[in-house]
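The lines below spell out each chain.
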Amino acid sequence: MCNLLLALRAELIKFKHSKVFLISAIAFALVPVMSGVFMLVMRHSAAAAKASLLSAKMEMMSVSADWDALFMILTQGMGVGGIMVFGFTASWIFGREYSDSTVKDLLSLPTSRATILNAKYIACFLWSIALAIVNVGLGVAIGLLLQLPGFDGEHAFACLRGYFSTTFLTLLLGTPVAFLAIWGKGYLSPLAFVALTLVFSQIIAAVGYGQYFPWAVPALHSGIGGEQPPLNNLSYLTVAAVAVAGYYASIFYWKHTDYQK
Amino acid sequence: MNIIETANITKRFKPLTALDNISIRVGEGEIYGFLGLNGAGKTTLIRILLGMVTPTAGAVKLFGKSLDKRFDRWNSIGYLVETPCAYPNLSVVENLHVYHSLRQLTDKKLIANIIERLNLAHYADTKAKHLSLGNQQRLGLAKALMHSPKLLILDEPVNGLDPEGIVEIRGLLKELSASGTTVFLSSHILGEISKLASRIAIIHYGKLLDELNADELHERLIKKTLVKTNDNKRAAACLNAAQYHAALGDGEIAVSDKKAVEKPEEVAKRLVENGFSVKQLYVFTENLEQYFLRTIRGKENV
């Protein structure tokens, strides 16, 4: 445990002076900012008339200017955007050792290879949770600023539960990204993989099988699916299976492959 | 006790055999120089010694312990493999803090000490990406030496260093060796190896061609007395008549007898007594670079 904490400390030192957290936080902040804009447009009919395309889109989404709608957009943003932003985070944490050629300095140490990888997973988890909290915090701040109606404690708790359960599902899908960063020895393979999963999620969900495609499950869980078939236990099981397989594949490969470069 | 012991190490990257039956032993306090051209297999062997590459066949022992999953002497080893790399956005101190944690060290002074020892104090807060190549090399050495290892494995340790830095690192390695640290190093700069190593191995196309200590190397280096006179042709004939083996070279006479090398003044005396003017006379000794090339070319011609 002590070794894991020391390895985690080493990972956290690597975050210092990193612009990647700021970049990912800004990218993620687009969701609450856009939801604020939606709310603002909905509440001012003059603005809605000027932004006819935006108001048409909102009418299509049946969005009203209240807390329910704000949390719905935040949660759906997490279901889709989370795959991308968390994938970016995992690619950076696991792939940078190859891009910076520092991987060779992590292999012959008293701290085991598995411990170093576990520390990376924890750092990735903490980072992603921090991003999710910043994101929802910004959303709440915007909601308070706009004085949205319909806020009560119990309701807020239910909304937050939906938001963080979607966050958790999205986070679980980070392990195959980590594996691909190690296997592909850099950022390119995992980022290409994240882009592909987003495309396939859209296509597979559109033909009605999204509930069995792990990368579509967080978005469907967030309620983005509309008329889609509901998620079932098997849907959540596929996400768990992908997470476990990704984790063990990354540990196995990291421990046993030859490091020639 | 042998600090490094390899038994018939073979590594194949199909269809290439990178290492072919390499068996070496390195004793405590030795500075072992490992020579080879690019692609000879030096770095592959170094990576095998560090557990980064698994050999196809053969076994490695470090400190008498098999290099396997249970090996637990990693804090007795410091290493620098190929180009030194660091986290570019972290300063020198922060980079060292990363490895201080991963090596599970407790003494915080180790970082300040190694920075001082490798003359990095001026750059302690400079980000690694802004360091010169020489200072990046110093940072790599600082990571390798911070925990005072008993075995140092260094791949091209003086790459990028200026002449002053080379002398400084040479002194540091000699000092470490004198205090019992075993140093295993590869280098392209053969002159550097010859100044440092107590034993030398030559590897070529994955095969160990030669392994010898400093005395054996001295014995095997070609030595000859080279002379320039006012009439080289006649002077060579004169020396041959006096039972020397003199050959005419490019503007000079090469006398390769042991007696000519040991007592060059006798050669000069003989020539002067026979009326020749000696313009230049010196004993030539082959350097490590020439010996290395002669060894690998000799093997290629077999």
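Residues numbered from 1 in each chain as written. Chains lettered and ligands numbered in written order. Predicted model: local features only at pLDDT ≥ 70, side-chain atom pairs only at ≥ 80, totals over all residues. Heavy atoms only, no water.

Peer 1: Please explain helix α2 (residues 92-102) of chain B as it appears in this structure.
Peer 2: Count 3.6 residues to each turn of an α-helix, and residues three or four apart come out pointing the same way. Of all 11 residues making up α2 of chain B, nine are buried, and the element is well covered by its neighbours. Within the span of α2 of chain B, buried status applies to V92, E94, N95, L96, V98, Y99, H100, S101 and L102 of chain B. The inward-facing, buried residues of α2 of chain B contact α1 (2-15) and α6 (113-145) of chain A together with α3 (109-117) and α4 (133-145) of chain B. Backbone geometry just after α2 of chain B places Q104 of chain B at a positive phi near 60°. (Buried < 20%, exposed > 50% of the residue type's maximum accessible area, 1.4 Å probe, protein only. Helix = DSSP H or I, 4+ residues; strand = E, 2+ residues; numbered from the N terminus. Contact = heavy atoms within 4.5 Å.)

Peer 1: What is the right way to look at the sheet that holds strand β8 (residues 151-155) of chain B in this model?
Peer 2: Residue and element names in this part refer to chain B. Read from one edge of the open sheet, six strands run β7-β8-β9-β4-β10-β11, paired in mixed fashion. Of all the strands in the sheet, just β7 (77-80) and β11 (207-213) have a single pairing partner and so form its edges. With direction set aside, neighbouring strand axes in the sheet form an average angle of 15°. Contacting β7 and β8, α4 runs over the sheet at an angle of about 165° to β7. (Pairing = 2+ DSSP bridges. Axes fitted to C-alpha atoms, helices over the stretch in contact; angles between N-to-C directions.)

Peer 1: Can you help me understand the interface of chain B and chain A in this one?
Peer 2: The extent of an interface is frequently quoted as the accessible surface area lost upon association of the parts. Listed by partner, the interface residues are 32 residues for chain B and 30 residues for chain A. Here chain B and chain A share an interface that buries about 2900 Å² over both sides, 53% of which is from carbon and sulfur atoms. In terms of surface lost to chain A, no three residues of chain B exceed Y87, L102 and Q104 of chain B, which account for 23% of the buried area on that side. At the boundary of chain B and chain A, one finds three salt bridges. (Buried area = accessible area lost by both parts, 1.4 Å probe. Salt bridge = Lys/Arg side-chain N within 4 Å of Asp/Glu carboxyl O.)

Peer 1: Sorry if this is basic, but what is going on with the nonpolar core here?
Peer 2: In a soluble, globular protein the nonpolar side chains are often hidden away together inside. F94 of chain A together with F184 of chain B are the most contacted members of the largest nonpolar core, which has 145 residues in total. At 15 residues, the largest contribution of residues to this core is made by helix α5 (residues 67-99) of chain A. Those residues in contact with F184 of chain B that lie beyond four places of it in its chain are I4, I24, V26, Y32, F34, L45, I46, L49, L152, I153 and L154 of chain B. Counting residues in hydrophobic clusters, the runner-up holds 14 residues, among them L239, A242, Y244 and I253 of chain B. (Core = buried A, V, L, I, M, F, W, Y, C linked by side-chain atoms within 4.5 Å.)

Peer 1: What is the right way to look at the environment of L271 of chain B in this model?
Peer 2: Residue and element names in this part refer to chain B. If you trace the backbone, L271 turns up in helix α10 (residues 264-273). Its relative accessible area of 0% is what places L271 among the buried residues. L271 has contacts with V227, T229, A235, L239, F276 and V278, leaving out every residue within four places of it along the chain.

Peer 1: Is there a simple way to explain α10 of chain B in this structure?
Peer 2: Residues and elements named next belong to chain B. Every buried residue of α10 is listed here: P264, V267 and L271. Down the axis, α10 shows its buried residues gathered within 55° of arc, on one side only. Exposed and oriented more than 90 degrees from the buried face of α10 are V272 and E273. Within two residues after α10, G275 carries a phi angle of roughly 85°, on the positive side. (Arc of directions from axis to C-beta.)

Peer 1: Explain a nonpolar patch on the surface to me, please; I cannot follow it from the model alone.
Peer 2: All names here are of chain A. On the surface, a cluster of nonpolar side chains totalling about 430 Å² of accessible area is made up of L12, I122, F125, L126 and F168. Top element by residues in the nonpolar patch is α6. It accounts for three residues. With respect to the helices, strands and loops of the structure, L126 is situated in helix α6. Under the relative-accessibility criterion, L126 is labelled partly exposed at 41%. (Patch = residues over 30% accessible without salt bridge, like charges linked within 9 Å, V, L, I, M, F, W, Y side chains within 5 Å. Areas by Shrake-Rupley, 256 points an atom, 1.4 Å probe, with all protein chains shown as cover.)

Peer 1: Sorry, what's going on with the pattern of salt bridges here?
Peer 2: Two side chains bearing opposite charge may form a pair once their charged atoms approach each other closely. Residue and element names in this part refer to chain B. This structure, assessed with the given rule, holds 20 salt bridges over all chains. Two residues, E175 and R117, come together in a salt bridge whose shortest N-O distance is 3.2 Å. Separated by 58 residues along the polypeptide, E175 in helix α5 (residues 163-178) and R117 in helix α3 bring together distant segments of the chain. Of the charged contacts, one joins E211 and R199 as a salt bridge, the two residues approaching to 3.2 Å between their closest N and O atoms. Here the residue E211 occupies a position in strand β11, and R199 occupies one in strand β10 (residues 199-204), the gap between them amounting to 12 residues.

Peer 1: Explain the sheet that holds strand β12 (residues 223-229) of chain B to me, please; I cannot follow it from the model alone.
Peer 2: The strands making up a sheet associate through hydrogen bonds between their backbones, and the pairing can be parallel or antiparallel. Residue and element names in this part refer to chain B. Spatial strand order, β13-β14-β12-β15: four strands in an open sheet with antiparallel pairing. This sheet does not close on itself; its edge strands, each paired only once, are β13 (246-248) and β15 (278-285). Adjacent strand axes in the sheet meet at a mean angle of 25°, parallel and antiparallel pairs treated alike. Examined bridge by bridge, β12 and β15 share seven bridges and lie antiparallel to one another. Bridge assignment links T225 to a residue of β15, and that residue is V283. Packed onto the sheet, helix α8 (residues 232-241) meets β12, β13 and β14 (253-255) and runs at close to 160° relative to β13. Sheet contacts for α10: β12 and β15; angle to β15, the most-contacted strand, approximately 155°.

Peer 1: What is the right way to read the packing of α6 of chain A against helix α11 (residues 233-256) of chain A from this model?
Peer 2: A pair of packed helices is captured by two measures, namely the crossing angle of their axes and the spacing between those axes. All names here are of chain A. Running from N to C, α6 and α11 point in directions that differ by 140°, and their axes come no closer than 9 Å. As summarised for this structure, α6 and α11 are arranged oblique, according to the angle between their axes. Classified by chirality, the crossing of α11 by α6 is right-handed. Facing α6, whose interface residues are R113, A114, I116, L117, N118 and Y121, α11 presents G246, Y247, S250, I251, W254 and K255. (Parallel < 35°, antiparallel > 145°, perpendicular 65-115°, else oblique. Left-handed = near helix turned anticlockwise from the far one by under 90°.)

Peer 1: Explain the pairing of strand β9 (residues 182-186) of chain B here, please?
Peer 2: Each regular strand shows side chains that alternate between the opposite faces of the sheet. All names here are of chain B. A large share of β9 lies buried, amounting to five of its five residues. Neither face of β9 is exposed, since T182, F184 and S186 on one face and V183 and L185 on the opposite face are all buried. Pairing geometry for strand β4 (residues 31-35) and β9, over four bridges, is parallel. Residue pairing across strands places Y32 opposite F184, the latter belonging to β9. Across five bridges, the pairing between β8 and β9 is parallel. Each bridged residue has a counterpart across the sheet, and for L152 the counterpart in β9 is V183. As a crossover connection, the stretch from β8 through α5 into β9 is right-handed. (Right-handed = clockwise from strand over helix to strand, strands pointing away.)

Peer 1: Explain the packing of α4 of chain B against α5 of chain B here, please?
Peer 2: All names here are of chain B. Interaxial distance between α4 and α5 falls to 13 Å at its minimum, and their mutual angle equals 10°. When the axis of α4 is compared with that of α5, the two are roughly parallel. For the pair formed by α4 and α5, the contact residues are R138, L141 and L145 on the first element and G165, E168, I169, L172 and L176 on the second. Split into classes, the residues belonging to the contact of α4 with α5 amount to five nonpolar, one polar and two charged. (Nonpolar A, V, L, I, M, F, W, Y, C, P; charged D, E, K, R; others polar.)

Peer 1: Sorry if this is basic, but what is going on with the environment of L148 of chain A here?
Peer 2: Residues and elements named next belong to chain A. For L148, the position within the fold is in the loop between α6 and α7 (153-172). Residues L148 and A69, 79 residues apart in the sequence, show an inter-C-alpha distance of 9.9 Å. In contact with L148, not counting residues within four places along its chain, are M39, R43, A65, D66, W67, L70 and G143.

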